[in-house]
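What follows is each chain in one-letter form.
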Amino acid sequence: MQIKIRKRYPLLVLILLAASAAFWLNPILEKVLEGYIRREIVLHSAEAGFSLDYEALELDIFSEKLNLRQVRARAADDSLHPGGEGLGTLRIGRITLEGINLTNFLWNETLSVRSISLDTLQLNLRRALADSALGGEDSKLSGTRIDSVRLPGIEQVRLSRFELDHFRLNLTGYAQSDTVASFYGDRLLVEGVGLSADARGTGAYLVPELAGLELELSRQRYTLTGASYELYFDRFRYRHSDKSVRVDSLAFRPLMDTGSFAEAHAHSFETYTARFSRLDIAGFDLDRLLAQGDLRMRSVAVDRLQGSIFRDKTKPYETERRVPLPDDALMELEWPLRIDTVSLRHASLEYREKVQESGPEVLVDFPELRGRIVHIVSGAAARDTGDTLKIDLQGTLLGTLPVEVSLQLPYATDHFHMKGLTRGSSRLHKLNPTIYPAMEMRFTGGRLNGMYFHADGTSRRMTGELTMLYDDLEVAFIKDDGNRKTTLSWLANTLVRNSNPNRRGKTIVGAIEFTRVPYKGVWNYVWKGVQSGVENSLNPLGDRRTE
């Protein structure tokens, strides 16, 4: 019996030593990690460095688990720039690291982590003074881009999975009470990311390794406070290996109804609503975006877009406002952006315009719409390029008339070109929701057999020609109270050619002449140009020719 006890004694001693070692080793490692995290880890950007602070650190070496509670990022010098620049504030309720291999950390200068989970993250960003006060070209968010991390003594970090639940981002103006935008999210998942020594060989900072990166966001909501809109999507997924992005079920909608918008605006206004089932991006260059802040995409495909625009014209226009054409707006945008192609598939678009407090609204409805936009370039690249912004759309107006429109807007010039046509034939009275009350007339009879138009000009004025082919035309001019102007309608039907071409085969071609209203957009410019051609075609005293 004594012999057996003696044989087990060394084993029992080893167990007790191991238990006692674990008892005192765990708090020692906690102290070591605490000093390392507080003093050595630095998030680095071109403008400043930011270190981490927290209220509690909990380490369990047996389960290889580390918890940090109430974490916040602070500037390395313990103060933010007084001008409002810098990261702002970052707060995280809890960070959990699982699967930490401390052996590699101590002996091989590498750190492997199976997963990192963050719960309840809030990031507040502040705009620099130049942006909020002056709105000039120097406006920017300073210090928000983290390009490397300083982890002394570590040459490489491997992370299998990063998960974030319940996070919020706030963007404020120079005054912290001035909220510009906010972003809410339920879940963010990152896989296949790592950190390795700086290629410059300094060893001071680790830079991201993104070759295996996969990023997934679920149920995200972005609120643009100033414009009272929100953006929501169900799922966002990015794969670095093939530079692809997919977004499912996105919706962009106003936070107020039309009546509330009317109360909030003294001038004529528009509201926008859009949703689509799927968006696919190819050639999304994340490396270039992180290194240079330059956003490049080879193609963007939008599937099943449903768009709606409402314009209230009962209020006066803000005549001092200047609305640039799309090419000019892109050249004014200083954020580097390049998208080779944007395509629309299975889309629809509805435009409603309230002209009077009571009475019918103008309706331009394309229940079937597809299109393509080529050469989207911004800033200095747009000003220096010889490319042309091209917009090609094909749709069915009011579900009855196939229409095609093409715009060309060369960058770095003041040239504008448009052309378009209709296909097939349609009863003219079916177009009345678009024609009346915009033109104060209705078609009461006749058939449209085709329309062709083209125009050239600048951002200020266009000229061109429109040919409208029709049979058995009858029109009625309408008073403000909705009643028919009997005499004018009779006179018009007497003088206006009943058919074009006429029985002798002569065809009327109407002139397109329109001077753009500078506080209205490109599609108003297109519509008013076409409208001038229609009016000159139908008006016996209009500017037109016969061929």
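Computed from a predicted model, the values in this text were never measured in an experiment.

## Here we look at the pattern of salt bridges
Right, so step 1: Inspection of every chain in the model, using the stated rule, returns 24 salt bridges.
Right, so step 2: A salt bridge links Glu513 to Arg461, with the shortest nitrogen-to-oxygen separation between them at 3.0 Å. Of this pair, Glu513 sits in strand β25 (residues 508–515) while Arg461 is found in strand β24 (residues 461–477), placing the two residues 52 residues apart along the sequence.
Right, so step 3: Using a relative accessible area of 37% as the deciding quantity, one classes Glu513 as partly exposed.
Right, so step 4: Each of Glu214, Glu216, Arg235, Arg237, Arg246 and Asp248 takes part in a single network of salt bridges with overlapping partners.

## Observations regarding the environment of Tyr317
Right, so step 1: Take Tyr317: it is sitting in the loop between β16 (306–312) and α6 (326–332).
Right, so step 2: Sequence separation between Tyr317 and His267 is 50 residues, and the spatial gap between their C-alpha atoms is 5.3 Å.
Right, so step 3: The residues contacting Tyr317, other than those within four sequence positions of it, are His267, Ser268, Arg311, Tyr519 and Lys520.

## Re the packing of aromatic side chains
Right, so step 1: By the definition in use, this model includes nine aromatic pairs.
Right, so step 2: Taking 4.9 Å as the distance between ring centres and 5° as the angle between the ring planes, the aromatic pair formed by Tyr229 and Phe252 counts as stacked. With Tyr229 in strand β12 (residues 229–239) and Phe252 in strand β13 (residues 244–254), the pair connects residues that are 23 residues apart, well separated along the chain.
Right, so step 3: What makes Phe252 partly exposed here is its relative accessible area of 29%.
Right, so step 4: Between Phe261 and Phe269 the ring centres are 6.0 Å apart and the planes differ by 20°, which places this aromatic pair in the stacked class.
Right, so step 5: When its relative accessible area of 4% is taken as the criterion, Phe261 is described as buried.
Right, so step 6: By the ring-pair criterion, three or more aromatic residues cluster together here, those being Tyr229, Phe252, Phe261, Phe269 and Phe310.
Right, so step 7: Residue placement shows Arg516 over the ring face of Tyr525; its charged tip is 6.0 Å from the ring centre.

## Some details on the confidence of the model for the chain
Right, so step 1: Looking at the chain as a whole, its pLDDT mean stands at 77, while 69% of the residues score no less than 70.
Right, so step 2: Segment residues 1–7: pLDDT under 50, and zero contacts once partners within four positions in sequence are set aside and those in other chains are kept.

## Describing the nonpolar core
One broad rule of soluble globular proteins: the nonpolar side chains tend to lie buried together.
Right, so step 1: The biggest cluster of nonpolar side chains holds 91 residues, and the ones touching the most others in it are Leu407, Phe416, Met418, Phe443, Met468 and Leu538.
Right, so step 2: Filtering out sequence-adjacent residues up to four positions away, Phe416 remains in contact with Leu325, Leu407, Gln408, Leu409, Ala455, Asp456, Gly457, Thr458, Met462, Val522, Tyr525 and Val526.

## A closer look at unusual backbone geometry
Negative phi values dominate among residues other than glycine, just as trans dominates among peptide bonds.
Right, so step 1: Geometrically, the link from Asn500 to Pro501 is a cis peptide bond, its omega value of 5° lying close to zero.
Right, so step 2: With respect to the element layout, Pro501 can be found in the loop between α9 (486–495) and β25.
Right, so step 3: The phi dihedral of Arg304 is positive, around 60°, even though this residue is not glycine.
Right, so step 4: Considering the arrangement of structural elements, one finds Arg304 in the loop between β15 (295–303) and β16.
Right, so step 5: Overall, Arg304 belongs to the partly exposed group, its relative accessible area being 47%.
Right, so step 6: You will see that His346, though not glycine, has its phi angle at about 55°, which is positive.
Right, so step 7: Position of His346 relative to the elements: it lies in strand β17 (residues 337–354).

So, how was this worked out
Residues numbered from 1 in each chain as written. Predicted model: local features only at pLDDT ≥ 70, side-chain atom pairs only at ≥ 80, totals over all residues. Heavy atoms only, no water. Salt bridge = Lys/Arg side-chain N within 4 Å of Asp/Glu carboxyl O. Helix = DSSP H or I, 4+ residues; strand = E, 2+ residues; numbered from the N terminus. Buried < 20%, exposed > 50% of the residue type's maximum accessible area, 1.4 Å probe, protein only. Contact = heavy atoms within 4.5 Å. Phe/Tyr/Trp six-rings, centres within 6.5 Å; stacked < 30°, edge-to-face > 60°. Lys NZ or Arg CZ within 6 Å of the ring centre and 35° of its normal. pLDDT = per-residue confidence, 0-100. Core = buried A, V, L, I, M, F, W, Y, C linked by side-chain atoms within 4.5 Å.

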